[in-house]
Structures are given as C-alpha cells and as structure tokens.
Amino acid sequence: MFGIMQVEEVEEAESEEEVAREARKKPNPGGELCYKVIVTNENGLRAADPNSIFLIDHAWTCRVEHARQQLQQVPGLLHRMANLMGVEFHGELPSAEAVDLVLEEMWKFNQTYQLAHGTAEEKVPVWYIMDEFGSRIQHADAPSFATAPFFYMPQRVAYTLLWPLRDLDTGEEVTRDFAYGEADPLIRRCRLLPWAPADLLDLSSSTPEPPAEHYQAILEENKEKLPLAISPAVYPRDHVFKVYTDVQQVLSHLTHPRFSFTQSEADADILYNFSHFKDYRRLSQERPTVLLNQFPCENLLTVKDCLASIARRVGGPEGPAWLPRTFNLRTELPQFVSYFQQRERRGEDNHWICKPWNLARSLDTHITKSLHSVIRHRESSPKVVSKYIESPVLFLREDVGGVKFDIRYVVLLRSVRPLKLFVYDVFWLRFSNRPFALNDLDDYEKHFTVMNYDPEVVLKQVHYNEFIPEFEKQYPEFPWKSVQAEIFQAFRELFQAACAKPPPLGLCDYPSSRAVYAVDLMLKWDSRPDGRQVMQPQVLEVNFNPDCERACRYHPTFFNDVFSTLYLDESDGCPVTRLI
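Quick caveat, the model's predicted, so the values are computed rather than measured. (Residues numbered from 1 in each chain as written. Predicted model: local features only at pLDDT ≥ 70, side-chain atom pairs only at ≥ 80, totals over all residues. Heavy atoms only, no water.)

Tracing the backbone shows Asn350 in the loop between helix H12 (333-346) and strand E17 (352-356). Reaching out from Asn350, the side chain makes a polar contact with the backbone oxygen of Phe340 at a distance of 3.0 Å. For Asn350, the contacting residues outside a window of four places in its chain are Phe340, Arg343, Glu344, Thr368 and Lys369. (Helix = DSSP H or I, 4+ residues; strand = E, 2+ residues; numbered from the N terminus. Polar contact = N/O pair within 3.5 Å; in protein donor to acceptor, adjacent residues only side chain to side chain. Contact = heavy atoms within 4.5 Å.)

Here it is in structure tokens:
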C-alpha cells in the first residue's frame, strides 16, 4: 500500500548534558538536535506493516560542484538548510561562514543516486537531502525501516521510499541503517564516522599491492578474454596496410602512403577502435595477423585504482615518488582514515582529491579537506582518493599570475616483451585561469586545468616550444632538459611495473597489439634529504585513445608518425624518443 506516514519529532532530552549524552549513544544527523521520529496513529494508520511504502520529499538536490552557488543564490535555501542541520544562522543574506558550515555539515545528511543513461555529464552523481522528516531519521544497526531513492519519470522528480522491515506498533521509533549493506565491522565503523567519531590512529595505513585474486576479479568483471599465444605477424616491407577505424581524427589525418582505409572490418590488417576490445581469444584464433591499437589488460594503466596498485611495485606500500599517495575507497577506506588522522595529528596538510576510477575531464572530481566528505563520496560511484598537490610548481601568466598547469605526453607502446616504449617529442600544456591558493576548493578555474570542453571558459594556449624558454626564464635553476629526464624516468618505471607480471596482473604480451596513451602529470616542489628543492613529477592519470585534436591541428603529421612508429617499426625521422 502507498501512503504518507504521519510522524512527530520528539526531543529526547531537556538539558544540554542529556543532549550530549544521548548524542554519544548513537549516530544522529543534526548532532545536538537529537530528535527521534516515531510512528503515530493519525489518519487511521495505527501501525506500519511490512507492506507499507511511504514517500519522503527532498529538500535540496544538487551536484557537489554547484552546492555553494545554490546556497548563495537560491532564496531561502541557506536558511532552510541551516535550520535543518542545526547551523546557527543570523540575518537574511547568506554569509560566507554560514555557507561553509552548511557545506561541511551536509555530509551528515546527503544521500546520492546517479542516472543510468545520458551523457557523461548527466551521469555524474546527484546528491540530495531529505526533507525535515527524513533528515530526522536516526541510525540503528538493527533498523526498523529501510530507504532508497526513487525517480518518478512522468514528473521527472525524485523521492525517497521508506518502508518498514517488520511489524511496528504506534510509538515505535523510525530508524534506518546509515551503512546499509555493509557487513565488515571495520568498514562499517569507518562509514559511520561522520556521525560516530572514532580513532583509527593505531590501524596501519600501509597499502601493499592487492593479491592476484584482485586482478582476476577485475578481468572477469571487464568480460575480457585473453588471447592464445601467437607468433608475431610478418608483412612484406612494401605492404600497404588496410586500416579499419571509427576514430575521425585518424580518418582525417593519416595520409602515409603505406596505409589505406577500408570500410570492411573483415578485410582490415589494422583495427584502430575508439572503444575497448574484449574478445582477444577469438581474434587470436581466427585472425592472429590482425594488428590492434590496444593491449589486453591495459586497464591496469588507464583505470585509476589499478594504476595505484601496480605503481606499488615500484614504491612499495606507500607508492612511488611520482604518484600522489592514493587509496582505493572501496577496499582501502580504513587505511585512508588512519592515514588522514595521522596527518591531522602531525599537523600536516590534509587536502585530498576524490576521483572516479574511470572518468576523464575532471568529471565528478572533488577537492576537500573534510574526512566526512571523502567517506560519503565512497557511496556515489567507485572512487580513489589521492593526496592533493598542495605545493605545485606554478607557471606565471602575465595576465593572471602564478597558476597550476599540467602536461600531457603521448607515449607509444610498441610491445610488452620485449618492452618497447616511445614518447612523442611534442607535449601539450593546460593551465588554470586563476592564481593558485589552497582555498576556494570548489573554484574550478583555480584548481583544475581542463578548460577545453566549455566554450564559455577561457582556454590558455601555450605551445611546448614557447613554454620551454619561458619556464627556464621563470626557473633558471631548473633546465627543462633535466626536468624532462625525471619525467621520462617516471614513464619508464610505470611501464616496467605494468609489464612486470603476466596477465591479468600485468599487460598481456600479445604480439599483434600496439597502443597510444596520454600521460597527464604535474610538477610539485619536494625536498631531498639534503634539503635541496626539486621538481618532482606527479603522474595524474593515463588515458587510452586520447583526444588528439590539438596534436593534429598543430602537427599534421602526428598520426603518420604514430603509425610509422607502431606499425612499420620506422621511427627514424619521426619526432619520437625511445624510452625503453
């Protein structure tokens, strides 16, 4: 049956001492408010039975990056949220202090869902806060009710469904499990930290590489079928390769005479696909001489949680110097909480960046110094949390000041065994639009560099051959040649780690595979044991089949160079450097 359950809010305690005592008993959104929600007998509902379903309205729905703006601009929203959360609010106009307090407290109230269809932007998780009734429902390890978001398509509006888990009499408390579905006691303890503070300082924050079973599970989840062993394909030296591709940039810019295009996948010598290939086994059986633009198990490089895992082969449980300290929030939440609390106790910087495992363009990526925020982000989509680079090397823009920048290198993987790795000599730069400072963490143009997907945002273009002399002018003690040598060494170590073990623990040695990856990185200031300041490369992510629009626009021979290096084994005369 459907209905609206009538409830009343009952204050649990009269004195401040009783309020504090009650608050310590169990997690409670709203902290000192300590209200409970009970079943009443109004409208003839004497009790709730397991066949009842109730609807809870949502008071506020947003995406995280828009939360501050909405609190500042939507009339009455800040006032309502402050009252709902127990945040003191004075005056009619939104104050910066009140907004900051609500943005911190909201992680005790936020719930989340995401749409299954639409563009990548539309699939970014949505966060919502239930109305005053729903937000007063307290936690219990043995709850009386369960909740779930419900999107009603005809009205395009979301509700929360509430239903009892057992027969309930009038006067019984309505509770739900804030860590619903979590059976692991330690993970539950971590997930409940926003409401029930706990000290995990004694827990080890070490994160060794996962066991082989972890990688096998990833292979099965990806539905990837490994190839059979084959011999390398041999083509005559004057052979013209037929290329089948759905990548428009290749179709528009590959003009090398040794390559021609075919619209028949069955006739192709080279399959250059935009999407990931899965059934390598069948291809190795039926068409072993067909060359590809990807390797089996390359998700170990291109998915952020896997990248952090294999990097530990270089740097041990802490990871290598060239990768920010990273935790998998699904499997390493307790270790992260311990590490966060250890840093907090030592007074060290505790800014972190939450990233989806497998999204690019900074989508659903958030910077925070709130432990509660990180813990709750775990509920939205699979994420890693990485130490935010609090001391980046900046580039002085005359029009703006010192801004963050990142660098994209294109690397070409010719084979796994033997490992043959090249890097394109031209690199690409992206810049923030506002001076860097460790504040305003939701100011996109201050903290992020990806500006080329929004036509309304300024895109700063500096070509690599203009950047190098300007960089050396700004940092005369750091010649670019030496900085780049450190970057290339990081690339060597990364790909050696990725290829060090057999699949699915490492990239598969499939003789017909080739691949183009983009490695995005930043530089940060670091200190050596002797006190010497250095620029330490920080690998941010590795991208499969990257957008090469700028490469093609400014270097029309780009794909000719790539195909010559990867498929003809002819890199002489191409602007590439062999790393391994």
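Right, picking up where we left off after that structure.
To continue, consider the layout of surface pockets. Where empty space is left becomes clear once a probe the size of a water molecule has been rolled over the atoms. Roughly 1,700 Å³ of internal volume is contained in the second largest pocket. Those elements giving two or more residues to the lining of the second largest pocket turn out to be helix H2 (67-73), helix H4 (96-105), strand E18 (366-368), helix H13 (371-377) and helix H14 (444-447). Residue composition of the lining of the second largest pocket, by class: 18 nonpolar, 13 polar and 15 charged. Each of domain 1 (2-177) and domain 2 (182-207 + 325-388) accounts for three or more of the residues forming the lining of the second largest pocket. (1 Å grid on protein atoms, 1.4 Å probe; cavity = no way out; pocket = protein on both sides within 12 Å on 5 of 7 lines; lining within 4 Å. Points joined across faces, edges and corners; volume = space filled by probe spheres on them. Nonpolar A, V, L, I, M, F, W, Y, C, P; charged D, E, K, R; others polar. Domains from an automatic or database assignment.)

For the rest of this paragraph, the subject is the environment of Glu221. The residue Glu221 is located in helix H7 (residues 212-222) in this model. Look at Glu221 and you get exposed, because its relative accessible area is 58%. Along the chain, Glu221 and Val99 lie 122 residues apart, while their C-alpha atoms are 41 Å from each other. (Buried < 20%, exposed > 50% of the residue type's maximum accessible area, 1.4 Å probe, protein only.)

A word on the domain arrangement of the protein. By domain assignment, the protein separates into domain 1 (2-177), domain 2 (182-207 + 325-388) and domain 3 (214-292). Each of domain 2 and domain 3 was reduced to a C-alpha centroid, and the two centroids are 39 Å apart.

What follows deals with the packing of aromatic side chains. Summed over the entire model, instances satisfying the criterion amount to 45 aromatic pairs. A centroid spacing of 5.2 Å and a plane angle of 50° characterise the contact between Phe395 and Phe431, whose relative ring orientation is tilted. Taken together, the residues Phe395 in strand E20 (residues 395-397) and Phe431 in strand E24 (residues 428-431) connect sequence positions 36 residues apart. With respect to burial, Phe395 and Phe431 carry one shared label: buried. Directly above the aromatic system of Tyr339 lies the positively charged group of Arg325, at a separation of 4.7 Å from the ring centroid. (Phe/Tyr/Trp six-rings, centres within 6.5 Å; stacked < 30°, edge-to-face > 60°. Lys NZ or Arg CZ within 6 Å of the ring centre and 35° of its normal.)

This brings us to the packing of helix H3 (residues 77-85) against H4. Orientation of H3 relative to H4, taken along the N-to-C sense of each, is 55°, at an axis distance of 10 Å. With respect to H4, the axis of H3 lies oblique. Seen from above, H3 lies across H4 with left-handed handedness. Contacts between H3 and H4 involve Leu78, Met81, Ala82 and Met85 from the first element and Ala98, Val99, Val102 and Glu105 from the second. In terms of residue class, the contact of H3 with H4 is made up of seven nonpolar, no polar and one charged. (Axes fitted to C-alpha atoms, helices over the stretch in contact; angles between N-to-C directions. Parallel < 35°, antiparallel > 145°, perpendicular 65-115°, else oblique. Left-handed = near helix turned anticlockwise from the far one by under 90°.)

Here we come to the sheet that holds E18. For sheets, the rule is that strands pair by backbone hydrogen bonds, running either parallel or antiparallel. Spatial ordering of the open sheet is given by E16-E19-E17-E18, a layout of four strands whose pairing is antiparallel. If you trace the sheet from one side to the other, it starts and ends with strand E16 (326-328) and E18, each paired once. Sheet twist, expressed as the mean angle between neighbouring strand axes with direction ignored, is 25°. (Pairing = 2+ DSSP bridges.)

Okay, the sheet that holds strand E13 (residues 259-261) next. Taken in spatial order, the four strands make up an open sheet running E13-E12-E14-E15, and their pairing is parallel. Across the chains shown, the open sheet's two edge strands, defined by having one partner strand only, are E13 and strand E15 (291-292). Alignment of strand E14 (residues 270-272) against E15, held across two bridges, turns out to be parallel. Within E15, the residue paired with Leu271 across the bridge is Leu292. Together, strand E12 (241-245), E13, E14 and E15 form the strand contacts of helix H18 (residues 558-567), whose direction differs from that of E14 by roughly 130°.

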